[in-house]
Amino acid sequence: MQVKYAQLDGCDATLVGFGDKAIATIRRSDVRGRERFSIAHELGHWEMHRGRSFQCRVDEPDRNFPSAEKGREREADVYAAHLLMPANLFNPAITGFTTLGFEQINEVRQQFDTSLLATALRLVNVNARPIVFACYTKEKLVWSLRARDVPRRWQLCKRLDEDSFAIDVVQSGKLHPVPGKQPAEVWFSNDEADDHEITECCVAGRNGEVWVLLTLNSDMMEETDNSFSYRDSR
Ligand SMILES: [Zn+2]
């Protein structure tokens, strides 16, 4: 697969394949990690979905593709995450941290030469920490991803709470990259949230959005009898 760079409009990368050759065209980015993720994503399509052409928005969980297309896009993202951040290297890199905020994610990001978002999503997916990662606009929850062990009963609020740190990001651009304590009810809508505490940290995402990393206390990780009657929003 040959890689070219261009100023693409409306997508991050394209793949055109013919026979046993393909050309991936990658949109130029100031963040080398994004370019690398796009290349790895197209390699994923080339390995798994050969015979098709693609126009991709890479590394954005909220893309509005038709469902079949969405499946292939997600597969290519998973392939890229595994290729650039293989578990046997990634897991040791994240075990030493006593607190986990955006400064630590940024350290890991630099080691793997990946984007902040791709690194954060990988962190959730390896399920080593009790974390939820979410993207909000000023108006609403856009998407969220939780570590596999986080019980489904913890339902994120659909809008940012006035007491959240994240609302400062969308209202005044003030960032909170270091985790701070919050009552769980600021972030979760189920009644039980009144009795628990979490940590929150957040930074500006793309297009005026805010990215939030929540770490749950261990007592929130216990499954209750009715845990499985809830479905995640994703
Ligand atoms: Zn794609």
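Residues numbered from 1 in each chain as written. Predicted model: local features only at pLDDT ≥ 70, side-chain atom pairs only at ≥ 80, totals over all residues. Heavy atoms only, no water.

Novice: Could you clarify how one ought to interpret the packing of aromatic side chains in this entry?
Specialist: How two aromatic rings sit relative to each other is given by the distance of their centres and the angle of their planes. Scanning the entire structure with this criterion turns up five aromatic pairs. Look at Phe102 and Phe133: their rings are 6.2 Å apart centre to centre, the planes differ by 65°, and that puts the pair in the edge-to-face class. Placement of the pair is Phe102 in helix H4 (residues 102-112) and Phe133 in strand S5 (residues 131-136), with a sequence separation of 31 residues. Per residue, the accessibility class of Phe102 equals that of Phe133, and both read buried. The ring of Trp46 carries the charged tip of Arg50 above its face, separated from the ring centre by 4.0 Å. (Phe/Tyr/Trp six-rings, centres within 6.5 Å; stacked < 30°, edge-to-face > 60°. Helix = DSSP H or I, 4+ residues; strand = E, 2+ residues; numbered from the N terminus. Buried < 20%, exposed > 50% of the residue type's maximum accessible area, 1.4 Å probe, protein only. Lys NZ or Arg CZ within 6 Å of the ring centre and 35° of its normal.)

Novice: What's the story with the pattern of salt bridges in this structure? I'm lost.
Specialist: When the charged atoms of two side chains lie near each other, side chains of opposite charge can form a pair. Inspection of the entire model under this criterion finds seven salt bridges. Between Glu192 and Arg153 there is a salt bridge, with its nearest N and O atoms 2.9 Å apart. Taken together, the residues span a long stretch of sequence, with Glu192 in the loop between strand S7 (176-183) and strand S8 (197-204) and Arg153 in the loop between strand S6 (141-146) and helix H6 (166-172) at a distance of 39 residues. Taken together, the salt bridges that share partners define one network made up of Asp12, Arg27 and Arg34. (Salt bridge = Lys/Arg side-chain N within 4 Å of Asp/Glu carboxyl O.)

Novice: Honestly, the coordination of the zinc ion in this entry has me stumped. Any pointers?
Specialist: In ideal tetrahedral geometry, four donors around a metal make angles of 109.5 degrees, whereas ideal octahedral geometry with six donors gives angles of 90 or 180 degrees. Coordination of the zinc ion by the protein comes from His41 (NE2), His45 (NE2), Cys56 (SG), Glu73 (OE) and Glu73 (OE), over a distance range of 2.0 to 2.7 Å. Taken in sequence order, the residues that donate to the zinc ion follow the motif H-x3-H-x10-C-x16-E. Residue Cys56 is found in strand S4 (residues 54-56), and its partner Glu73 is found in helix H2 (residues 67-84); the two are separated by 17 residues along the sequence. An identical accessibility class is assigned to Cys56 and Glu73; each is buried. (Donors = N, O, S within 2.8 Å, 3.2 Å for Na, K, Ca; no water.)

Novice: Looking at this model, I keep getting lost on the sheet that holds S4. Mind explaining?
Specialist: One key point about sheets: their strands pair by backbone hydrogen bonds, in either a parallel or an antiparallel sense. Spatial strand order, S1-S3-S2-S4: four strands in an open sheet with mixed pairing. What marks the edges here is a single partner per strand, and that holds for strand S1 (2-6) and S4. Recorded for the sheet is a direction-independent mean angle of 15° between the axes of neighbouring strands. Of the pairings in the sheet, the one linking strand S2 (residues 13-18) to strand S3 (residues 21-27) comprises six bridges and is antiparallel in character. Looking at the pairing, Thr14 lines up with Thr25 of S3. Against the sheet, helix H1 (residues 32-48) contacts S1, S2, S3 and S4, and its axis sits at roughly 155° relative to S3. (Pairing = 2+ DSSP bridges. Axes fitted to C-alpha atoms, helices over the stretch in contact; angles between N-to-C directions. Contact = heavy atoms within 4.5 Å.)

Novice: Looking at this model, I keep getting lost on the domain arrangement of the protein. Mind explaining?
Specialist: The parts lose accessible area when they come together, and the size of an interface is often stated as this lost area. Splitting the protein by domain gives domain 1 (2-84) and domain 2 (87-229). Taking only C-alpha atoms, the centre of domain 1 and the centre of domain 2 are 26 Å apart. Counting residues at the interface gives 13 residues for domain 1 and 11 residues for domain 2. Across the interface of domain 1 and domain 2, roughly 1100 Å² is buried in total on both sides, 54% from carbon and sulfur atoms. (Domains from an automatic or database assignment. Buried area = accessible area lost by both parts, 1.4 Å probe.)

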